[in-house]
Amino acid sequence: PFQYTRRDTAALASIGGKQVPAVIADFARSPATAAGDLKAIGYRYDPVIDKWNISDGAADFICTGNTLLDFSLPGTLQAICHYKTWLSATDKQKYHPFLEADEYERLGINDSDLSGASMVFVGLDVNDEALAEKLLDFLGKGDGAPFGGRVVLCLRSSYYHLMASIRRFIIALMHRGIRIPVILVIESSDGSIDEQLIHFSANAGALLLDGMGDGIWLKNDPALLNTSRVSGRTYLEAKNNAQFINNTSFSILQATRTRISKTEYISCPSCGRTLFDLQETTAKIRAVTHHLKGVKIAIMGCIVNGPGEMADADFGYVGSGPGKITLYKGKEIVKRAVNSDIAVEELINLLRENGAWVDPEP
């Protein structure tokens, strides 16, 4: 319990094994109708050159529910749809079937019915203990032999303490030696964005920190979402909901160190010793460095506790006196008493000198 160990799972096409956790964008309730809708999940189409621009925070899968998209998907994006919808899909390598755990029995599904699928996504409410036990027995026959070893489990729980409920089932998989990849499905039915952020991160984050989870699938109902201010921006119901869900997924993976996709900022909480406007300065630094994937930048209000709190950072921006900034590389001081008016530019120069800077895309 004192060190991180990721659960050992079989590697499928893009899920499991040593691959980074996958991100699934849920469009089942509000289907994507045009290529432009994918911008919210990291894909921007340029019709002039007929090319997709893909960001580091681009989802790996899109759930389309009971519909098939009438436009072509980017090469790196795959779709998940309900089994009956998948049957009518022409590109069965791009689309993957989803079915609930009890459907394979109810519908009489067998391997031959899924012969064109490279992955089969199976959903389960682990709080249904009888069905969960039945599925464990079914999947335990030859390490996921059902459906040719192509199963990806999508685990959710209706139990009020859903994190512990899902963890219990994953531990049962481990005890039985079942190495099937697991997607963590966390759904929030109501509440403000702040409340949903807590719900998503507390449940998915705790499981990922325990080494459990080969992917993350966050769900909510855009129609029930209350407006709230997060990071200085206002997200309004369904309009930006897909973007909110996608950003939250990648933020949880970044915070748990399971998938690095963006710049990381470490900041002190601010106190009476803070020597500059911390929020304004952080926003200014973020505006010019947010494209530096994997770089950790600390913004600390004073020289007293700042160096200790930012020990994990690659670069540091620390207040050292009225209007003065000290810049760090790791734990070493590089520039002292820099005028705050030019300190952000000097930080960029420091990043350049150490090979950590790349010019942002236009």
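Rules of the game
- Residues numbered from 1 in each chain as written.
- Predicted model: local features only at pLDDT ≥ 70, side-chain atom pairs only at ≥ 80, totals over all residues.
- Heavy atoms only, no water.
- Helix = DSSP H or I, 4+ residues; strand = E, 2+ residues; numbered from the N terminus.
- Contact = heavy atoms within 4.5 Å.
- Axes fitted to C-alpha atoms, helices over the stretch in contact; angles between N-to-C directions.
- Parallel < 35°, antiparallel > 145°, perpendicular 65-115°, else oblique.
- Left-handed = near helix turned anticlockwise from the far one by under 90°.
- Nonpolar A, V, L, I, M, F, W, Y, C, P; charged D, E, K, R; others polar.
- pLDDT = per-residue confidence, 0-100.
- Core = buried A, V, L, I, M, F, W, Y, C linked by side-chain atoms within 4.5 Å.
- Buried < 20%, exposed > 50% of the residue type's maximum accessible area, 1.4 Å probe, protein only.
- Salt bridge = Lys/Arg side-chain N within 4 Å of Asp/Glu carboxyl O.
- Pairing = 2+ DSSP bridges.
- Phe/Tyr/Trp six-rings, centres within 6.5 Å; stacked < 30°, edge-to-face > 60°.
- Lys NZ or Arg CZ within 6 Å of the ring centre and 35° of its normal.

S.K.: How do you make sense of the environment of Val288 when you look at a structure like this?
M.R.: You can see Val288 is positioned in helix H7 (residues 278-289). With sequence-adjacent residues up to four places away left out, Val288 is seen in contact with Val344, Ile348 and Trp357.

S.K.: Looking at this model, I keep getting lost on the side chain of Thr282. Mind explaining?
M.R.: The residue Thr282 is located in helix H7 in this model. Once residues lying within four places of it in the same chain are set aside, the contact partners of Thr282 are Ser267 and Ile299.

S.K.: Where do I start with the packing of helix H4 (residues 162-175) against helix H5 (residues 193-209) in this structure?
M.R.: Packed helices, taken two at a time, are described by the angle their axes make and the gap between the axes. Two elements in contact, H4 and H5, have axes whose closest approach is 9 Å; the angle formed by their N-to-C orientations is 25°. Here H4 lies roughly parallel to H5, going by the angle between them. Regarding H4 and H5, the two cross each other, and that crossing is right-handed. On the side of H4, the interface is formed by Leu162, Met163, Ile166 and Arg167, while H5 contributes His199, Asn203, Ala206 and Leu207. Each residue belonging to the contact of H4 with H5 can be placed in one class, and the counts come to 5 nonpolar, 2 polar and 1 charged.

S.K.: Looking at this structure, how should I read the confidence of the model for the chain?
M.R.: Residues shown with low pLDDT carry predicted positions that ought not to be read at fine detail. Scored by pLDDT, the chain comes out at a mean of 88, with 92% of its residues at no less than 70. Note that pLDDT drops below 50 for residues 228-239; the model gives that stretch 22 contacts with residues more than four away or on any other chain.

S.K.: Just checking my understanding: could you explain the nonpolar core for this structure?
M.R.: Soluble globular proteins: nonpolar side chains tend toward being buried together. If you look at the biggest cluster of nonpolar residues, it comprises 64 residues, and the most contacted ones within it are Leu38, Leu153, Leu155, Ile166 and Phe169. The element best represented in this core is H4, accounting for 6 residues. The residues contacting Phe169, other than those within four sequence positions of it, are Leu124, Val126, Ala132, Leu136, Leu153 and Leu155. Counting residues in each nonpolar core, the second largest holds 29 residues, with Val295, Ile297, Ala298 and Ala343 among its members.

S.K.: What is the right way to read the pattern of salt bridges from this model?
M.R.: Once their charged atoms are close, side chains differing in charge can pair, the charge on each being opposite to the other. In the structure shown here, the tally under the stated rule is 16 salt bridges. We note a salt bridge from Arg259 to Asp60, for which the minimum N-O separation is 2.7 Å. With Arg259 in the loop between helix H6 (241-255) and strand E13 (264-267) and Asp60 in the loop between strand E3 (51-54) and strand E4 (61-65), the pair connects residues that are 199 residues apart, well separated along the chain. In this pair, the class of Arg259 matches that of Asp60, namely buried. Notably, a salt bridge pairs Arg176 with Asp137, separated by 2.8 Å at the nearest N-O pair. Residue Arg176 is located in the loop between H4 and strand E9 (182-188), and its partner Asp137 is located in helix H3 (residues 129-139); the two are separated by 39 residues in the primary sequence. A residue is classified by how much of its surface remains accessible, and Asp137, at 41% relative accessible area, is partly exposed.

S.K.: Hey, could you run me through the sheet that holds strand E14 (residues 296-300) in this one?
M.R.: Strand pairing in a sheet is mediated by backbone hydrogen bonds. Such pairs are either parallel or antiparallel. Spatial ordering of the open sheet is given by E13-E14-E15-E16-E17, a layout of 5 strands whose pairing is mixed. Of all the strands in the sheet, the pair left with one neighbour each is E13 and strand E17 (332-339). Averaged over all pairs of adjacent strands, the angle between their axes in this sheet comes to 20°, without regard to strand direction. Of the strand pairs in this sheet, strand E15 (residues 315-321) and strand E16 (residues 324-329) are connected by 6 bridges, and their pairing is antiparallel. When the bridges of E16 are listed, Tyr317 appears paired with Leu327. Sheet strands in contact with H7 are E13, E14 and E15, and its direction is about 160° off that of E14.

S.K.: Hey, could you run me through the pairing of strand E7 (residues 120-125) in this one?
M.R.: Strand residues, when the strand is regular, have side chains that alternate between the two faces of the sheet. For E7, a buried count of 6 out of 6 residues is recorded, marking the element as mostly surrounded by other parts of the structure. Every second residue of E7 is oriented toward a common face, with Val120, Val122 and Leu124 on one face and Phe121, Gly123 and Asp125 on the other, all of them buried. Two strands pair when backbone bridges link them, and E7 and strand E8 (residues 151-156) are joined in this way by 6 bridges, in the parallel orientation. Looking across to E8, one finds that Leu124 is bridged to Leu155.

S.K.: What is the right way to look at the packing of aromatic side chains in this model?
M.R.: Aromatic ring pairs: the centre-centre distance and the angle between the two ring planes describe each pair. Counted under the stated rule, the structure contains 7 aromatic pairs. Ring centres of Tyr43 and Trp52 lie 6.4 Å apart, and the angle between their planes is 85°; on these two criteria the pair is classed as edge-to-face. Both residues of the pair, Tyr43 and Trp52, belong to the buried class. Among the aromatic residues, those joined into a ring-pair cluster are Tyr43, Tyr45 and Trp52. In this structure, Lys92 packs its charged tip against the face of Trp86, placed 5.1 Å from the ring centre. The side chain of Lys219 reaches across the aromatic face of Trp217, ending 4.6 Å from its centre.

S.K.: What am I meant to see in the packing of H3 against H4 here?
M.R.: Taken N-terminus to C-terminus, the directions of H3 and H4 make an angle of 25°; their axes are 11 Å apart at the nearest point. With respect to each other, H3 and H4 are oriented roughly parallel. Here H3 runs over H4; the crossing is right-handed. Here H3 contributes Glu129, Ala132 and Leu136 to the contact with H4, which in turn contributes Arg168, Phe169, Ala172 and Leu173. Of the residues in the contact of H3 with H4, the class split is 5 nonpolar, no polar and 2 charged.

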